[in-house]
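Inside the fold
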Number of protein chains: 2
Amino acid sequence: MTDQVSEQTTNRLSLYLRFLNELEANGVRTVSSKVLAAEFDLNAALIRKDLSHFGDLGVRGVGYVVADLRLRLRQILGLDRRLNVAIIGAGNLGFALADYPGFRQDGFRVVALFDSLPDKVGTRSRGGILIHDIRDLKRVAKREGITIAVVAVPSGSAQIVVNTVVDAGIKALLNFSPGSLRVPRDVKLKSVDVTVSLESLSFFLAKG
Amino acid sequence: MTDQVSEQTTNRLSLYLRFLNELEANGVRTVSSKVLAAEFDLNAALIRKDLSHFGDLGVRGVGYVVADLRLRLRQILGLDRRLNVAIIGAGNLGFALADYPGFRQDGFRVVALFDSLPDKVGTRSRGGILIHDIRDLKRVAKREGITIAVVAVPSGSAQIVVNTVVDAGIKALLNFSPGSLRVPRDVKLKSVDVTVSLESLSFFLAKG
DNA sequence: TTTTGTGAAACGCTTCACAGCT
DNA sequence: AGCTGTGAAGCGTTTCACAAAA
């Protein structure tokens, strides 16, 4: 078990977990790979393969016990502990993310905002998150136990900000700035590129 | 040419285009697949394959003429015309996206916000985008020539909103709400799931 | 009988390697 | 000589199909 798990598999584990949360809330006891497959428009064998990476989680003839699988997935995804998140960039997007209620549910806690503008430093988001000076990132990250940084700054300063984050010892980054960014191999960078997504939609429209 | 182009290829075309914009601004005349490959940490053959789907865009012994390739990519991606975008959900994220300056650059124009809350309808975003009643979506979409909708509403109302968007005749959707959504086969739905991204980072941290 | 777990087959994407053009 | 365009090989992911378990 736990050989090498692909990114696509881990992304799907997240989706399964979300659905299991719903099922448990609705009092559903067990669920089969077939039901999961229907929910996500996937092949049932794929779901069984995804889960089989982590041991024999199911029961033949029955399916998966919702409560057990849910707990196990939370463990696998590392959600069975607090994850403290910093948001870099106190612009519109940074504020929106800082106050996004979806995070709290899943064990993520936004504990600090960072910006370089003196006017912003010391003030708070609507939700009450304090804005720190980006120069204090390393110190605050240590003190607050920040393990994930969300980068929401203009593309011009993205690489410098990423370097600062890496230097602060943070190993996991979610980036919203457009453009190519470099990180050391032991650091994980995930990027959300809204322009790329929109242009992909435009391509779809253009080709009929 | 133009057989079946994968999503991954179209996503990369977007990246190439962004870099070509930079190169042209810097007065660079030609670029090779090798240079593009270095910029994006890809294999040069992959870049040539991506581009070869659309005809013989390069010159042997020389590379690609920056200005020509840039124009051709804009055409291929359908960016050689105005693309009018509606944002559904006038919350923090909706506002942030509505006023995001990156869109305007690429030919995307956010022409309307929509919400269901009477207090919001009739007011404007900081950037001046008018908030319409979601019930007027079909009418406004027709009038304004909206071809892309960005869905930024709470997950509970996402499917209903998506149905409304589809009913308004919009064929391309970018969704920011978590959860599975259904659209007809002739409609393209792209989803950005921030929770899935964060959980994927958490998995990375958890496994060391 | 139902449903999992899993080798083997199928598929799709990426890389290799080189012919062909400038 | 340099670089593209591309068939073939390589590789990773998904699907098939079935033995094994409840």
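Everything here concerns the structure above.
Residues numbered from 1 in each chain as written. Chains lettered and ligands numbered in written order. Predicted model: local features only at pLDDT ≥ 70, side-chain atom pairs only at ≥ 80, totals over all residues. Heavy atoms only, no water.

Overview of helix H7 (residues 137-144) of chain B
Residue and element names in this part refer to chain B. Rules: Burial classification: accessible surface area is computed with a 1.4 Å probe over protein chains only, and a residue below 20% of its type maximum counts as buried, one above 50% as exposed, and the rest as partly exposed. The numbering of helices and of strands both runs from the N terminus, where a helix is a DSSP run of H or I of at least 4 residues and a strand a run of E of at least 2. The arc in question is the one traced by the directions running from the helix axis out to the C-beta atoms. The contact definition used throughout considers only heavy atoms, calling two residues in contact when any of these lie within 4.5 Å.
Taken as a whole, H7 has its buried residues at Leu137, Val140 and Ala141. Take H7 and look down its axis: the buried residues cluster within an arc of 105 degrees, on one side only. Exposed side chains of H7 directed beyond 90 degrees from the buried face belong to Arg139, Lys142 and Arg143. The inward-facing, buried residues of H7 contact strand E3 (83-88), strand E4 (108-115), strand E5 (131-133), strand E6 (146-151) and helix H8 (155-167).

A look at the protein's contact with DNA strand D
This is how the line gets drawn: Only a single heavy atom is needed: when it lies within 4 Å of a molecule or strand, its residue is near that molecule or strand. Pairing of N or O atoms within 3.5 Å defines a polar contact, subject to two protein rules: one partner must be a possible hydrogen donor and the other a possible acceptor, and residues neighboring in sequence count only if both atoms are side-chain atoms. Polar here means any residue outside two lists: the nonpolar Ala, Val, Leu, Ile, Met, Phe, Trp, Tyr, Cys and Pro, and the charged Asp, Glu, Lys and Arg; Gly therefore counts as polar.
As a structural note, the neighbourhood of DNA strand D is formed by 23 residues, with Asn43(A), Lys49(A), Ser33(B), Arg48(B) and Tyr64(B) the closest of them. Close to the protein, within 4 Å, the atoms of DNA strand D belong to sugar or phosphate groups at a rate of 59%. Here Gly58(B) contributes a backbone N or O atom positioned 2.9 Å from a phosphate oxygen of DNA strand D. A total of four residues in the surface near DNA strand D trace back to one element, the largest contributor, which is helix H3 (residues 44-52) of chain A. Of the residues assigned to the surface near DNA strand D, the class counts are six nonpolar, nine polar and eight charged.

Notes on the relation of the copies chain A and chain B
Here is the rule we go by: A residue counts toward the fit only if its pLDDT is at least 70 in both copies, and the copies are then superposed by least squares on the C-alpha atoms of those residues.
When chain A is fitted onto chain B, the two copies agree to an RMSD of 0.1 Å after a turn of 180 degrees and an axial shift of 0.0 Å. Put plainly, the chains are arranged around a two-fold axis. Comparing interface residues between copies, 100% of those in chain A also lie at the interface in chain B; the contact surface is shared.

Let's talk about the pattern of salt bridges
All names here are of chain A. Heads up, the rule is: A carboxyl oxygen of Asp or Glu within 4 Å of a side-chain nitrogen of Lys or Arg is what we treat as a salt bridge.
Enumeration over the complete set of coordinates arrives at 22 salt bridges over all chains. Residues lysine 190 and glutamate 7 are paired through a salt bridge, measuring 3.0 Å at the closest nitrogen-oxygen approach. Here lysine 190, found in strand E8 (residues 188-191), pairs with glutamate 7, found in helix H1 (residues 7-25); they are 183 residues apart in sequence, far enough to count as distant. Relative accessible area serves as the criterion here: at 13%, lysine 190 is assigned to the buried category. In this structure glutamate 7 comes out as partly exposed when scored by relative accessible area, which is 31%.

Quick word on unusual backbone geometry
For Asp41(A), which is not glycine, the phi torsion reads 60 degrees and is therefore positive. Here Asp41(A) lies in the loop between helix H2 (33-40) and H3.

Some details on the environment of Ile47(B)
All names here are of chain B. Residue position: isoleucine 47 is located in helix H3 (residues 44-52). For isoleucine 47, a relative accessible area of 0% gives the class buried. C-alpha separation for the pair isoleucine 47 and alanine 37, spaced 10 residues apart in sequence, amounts to 7.0 Å. Excluding its chain neighbours within four sequence positions, the residues that come into contact with isoleucine 47 are Tyr16, Ser33, Leu36, Ala37 and Leu42.

Observations regarding the environment of Phe103(A)
Residues and elements named next belong to chain A. The residue phenylalanine 103 is located in helix H6 (residues 101-105) in this model. Assessed through its relative accessible area of 4%, phenylalanine 103 is described here as buried. Between the C-alpha atoms of phenylalanine 103 and aspartate 56, which are 47 residues apart in sequence, the distance is 30 Å.

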